[in-house]
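Structure assessment
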Amino acid sequence: MKLSPARQVMLAVLALLLVVLQVRLWFGEGSLRHVATLKKEVQALSEQNQSLSERNRLMAADVRDLKEGSDAVEELARKDLGMIRDGETFFLILEPDAPRDDKR
């Protein structure tokens, strides 16, 4: 089967076009590998968004508690600043040091 030169050129152009499209499918932007990478990134960002959303929810609850009552403010003052009320007695209990192995 002998092909005319015009058909040979047309067949070569179609083969080249097929190769170019295959290269783009496997290696270019929008390729299968690129899409898989983007799916992994979307999954990771989605998980990060969920944890940040939970953190934001807890912070909003803290802000609401601080705005609505004095119990939260008092708790923070006691815990973070070591403050006590008038009439309360503060006791500091020190734990004994752990026994040492070295002999002095």
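Every chain is numbered on its own, with residues counted from 1 as its sequence reads. The predicted nature of this model means local features are confined to residues of pLDDT at least 70 and side-chain atom pairs, given and counted, to a pLDDT of 80 or more, with totals for whole chains, interfaces and linings taken over all residues. Note that the side-chain values use all heavy atoms of the structure and ignore hydrogens as well as water.

Per an unreviewed UniProt entry, the recorded name for the protein is Cell division protein FtsB, and the organism is Alcanivorax xiamenensis. UniProt positions are given in the numbering used here, feature names are shortened, and annotations may be inferred rather than shown by experiment. UniProt, in its Function (unreviewed entry) section for the protein, records the words "Essential cell division protein. May link together the upstream cell division proteins, which are predominantly cytoplasmic, with the downstream cell division proteins, which are predominantly periplasmic." Taken verbatim from the UniProt record of the protein, the Sequence similarities (unreviewed entry) comment is "Belongs to the FtsB family."

This part covers a negative patch on the surface. Any residue with relative accessible area above 30% and no salt bridge may belong to a patch, with like charges joined within 9 Å and the nonpolar Val, Leu, Ile, Met, Phe, Trp and Tyr side chains within 5 Å. Each accessible area is a Shrake-Rupley result for a 1.4 Å probe, and residues are judged covered by the shown protein chains and nothing else. By definition here, a salt bridge exists when the distance from a side-chain nitrogen of Lys or Arg to a carboxyl oxygen of Asp or Glu is within 4 Å. Residues counted as positive are Lys and Arg, residues counted as negative are Asp and Glu, and His and the chain ends are not counted. Each charge is placed at NZ for Lys, CZ for Arg, CG for Asp and CD for Glu. A surface patch of like charges, here negative, comprises Asp62, Asp65, Glu68, Asp71, Glu75 and Asp80. Going along the chain from the N terminus, every DSSP run of H or I of four or more residues is numbered as a helix, and every run of E of two or more is numbered as a strand. Only α2 (32–68) and α3 (71–81) provide two or more residues apiece to the negative patch. Considering the arrangement of structural elements, one finds Glu68 in helix α2. Owing to a relative accessible area of 64%, Glu68 belongs among the exposed residues under this scheme. Think of it in three bands: residues with accessible area under 20% of the maximum for their type are buried, residues over 50% are exposed, and the middle band is partly exposed, with areas taken using a 1.4 Å probe on protein chains only.

Let us look at the pattern of salt bridges. Counted by the stated rule, this structure contains 4 salt bridges. Among the ionic pairs, Arg78 bridges to Glu74, the shortest N-O distance being 3.1 Å. You can see Arg78 and its partner Glu74 sitting in helix α3, 4 residues apart, about one turn around the helix. We note a salt bridge from Arg85 to Glu74, for which the minimum N-O separation is 2.6 Å. Here Arg85 is found in the segment after α3, whereas its partner Glu74 is found in helix α3, with 11 residues between them in sequence. Shared partners join several salt bridges into a network, and the residues in it are Glu74, Arg78, Arg85 and Glu88.

What follows concerns a nonpolar patch on the surface. A grouping of Val19, Val23, Leu25, Trp26, Phe27 and Leu32 is seen on the molecular surface, where their side chains present a nonpolar patch of about 590 Å² in accessible area. Sorting elements by how many residues they give to the nonpolar patch places helix α1 (residues 5–27) first, with 5 residues. Structurally, Val19 is set in helix α1.

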